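Each chain, letter by letter, is given below.
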Amino acid sequence: ALAWYDDMFADADMIFIYHPPSHGADTHDQLTQEEIVQAVKKTGQDVYAMTSKEQLLEILGHQLRPGDIILLETSGDLGGAIAAVTEFVQARFTI
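Residues numbered from 1 in each chain as written. Predicted model: local features only at pLDDT ≥ 70, side-chain atom pairs only at ≥ 80, totals over all residues. Heavy atoms only, no water.

Broken down by element type, the protein carries 3 helices and 2 strands. For the protein, the N- to C-terminal ordering of α and β elements is β-α-β-α-α. Principal-axis analysis of the C-alpha atoms places the extent of the protein at approximately 45 × 30 × 20 Å. The proportion of buried residues among the 95 residues of the protein is 23%. As displayed, the protein offers around 6,700 Å² of accessible surface, 52% of which is attributable to carbon and sulfur atoms. Here the protein holds 5 positive side-chain charges and 15 negative ones, and the gap between their average locations is 9 Å. (Helix = DSSP H or I, 4+ residues; strand = E, 2+ residues; numbered from the N terminus. Buried < 20%, exposed > 50% of the residue type's maximum accessible area, 1.4 Å probe, protein only. Areas by Shrake-Rupley, 256 points an atom, 1.4 Å probe, with all protein chains shown as cover. Lys, Arg positive; Asp, Glu negative; His and termini not counted. Charge placed at Lys NZ, Arg CZ, Asp CG, Glu CD.)

What follows is the structure, given as C-alpha cells:
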C-alpha cells in the first residue's frame, strides 16, 4: 500500500496526513500515520502530520490564498476538521 503514495499527491502543493482511523485496524495490516508521512516525504513534497483540526487551521491560516483548492480525502471525519475547514474557508473567503 505504500506504493500508492508515490504519486497520489503529485499535483498537490501541501499535504496534510491525519492518523488513520483505528476502527478495523486489527483486521488488516494498517499503515501508521508516520509510515504514510515518510512515504510522501520521499516524493519531495511538502507534507505535514496533522494531529488536530486546530493545527490544520493554523497552518491554513498562514498558507491559504484566494484561488487555492482544498481537497479532503478521508474515510472518517478527520477529527472534526471537515466542518472546521469548511467554516474557516467560508468565513475567510466570502463569495
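All right, on to the layout of surface pockets then. Taken as a whole, the largest pocket holds about 1,400 Å³ of empty space. Counting residues per element, the ones that place at least two in the lining of the largest pocket are β1 (14-18) and α2 (53-63). Looking at the lining of the largest pocket element by element, the count peaks at 5 residues for β1. Among the residues forming the lining of the largest pocket, the class breakdown is 26 nonpolar, 7 polar and 6 charged. (1 Å grid on protein atoms, 1.4 Å probe; cavity = no way out; pocket = protein on both sides within 12 Å on 5 of 7 lines; lining within 4 Å. Points joined across faces, edges and corners; volume = space filled by probe spheres on them. Nonpolar A, V, L, I, M, F, W, Y, C, P; charged D, E, K, R; others polar.)

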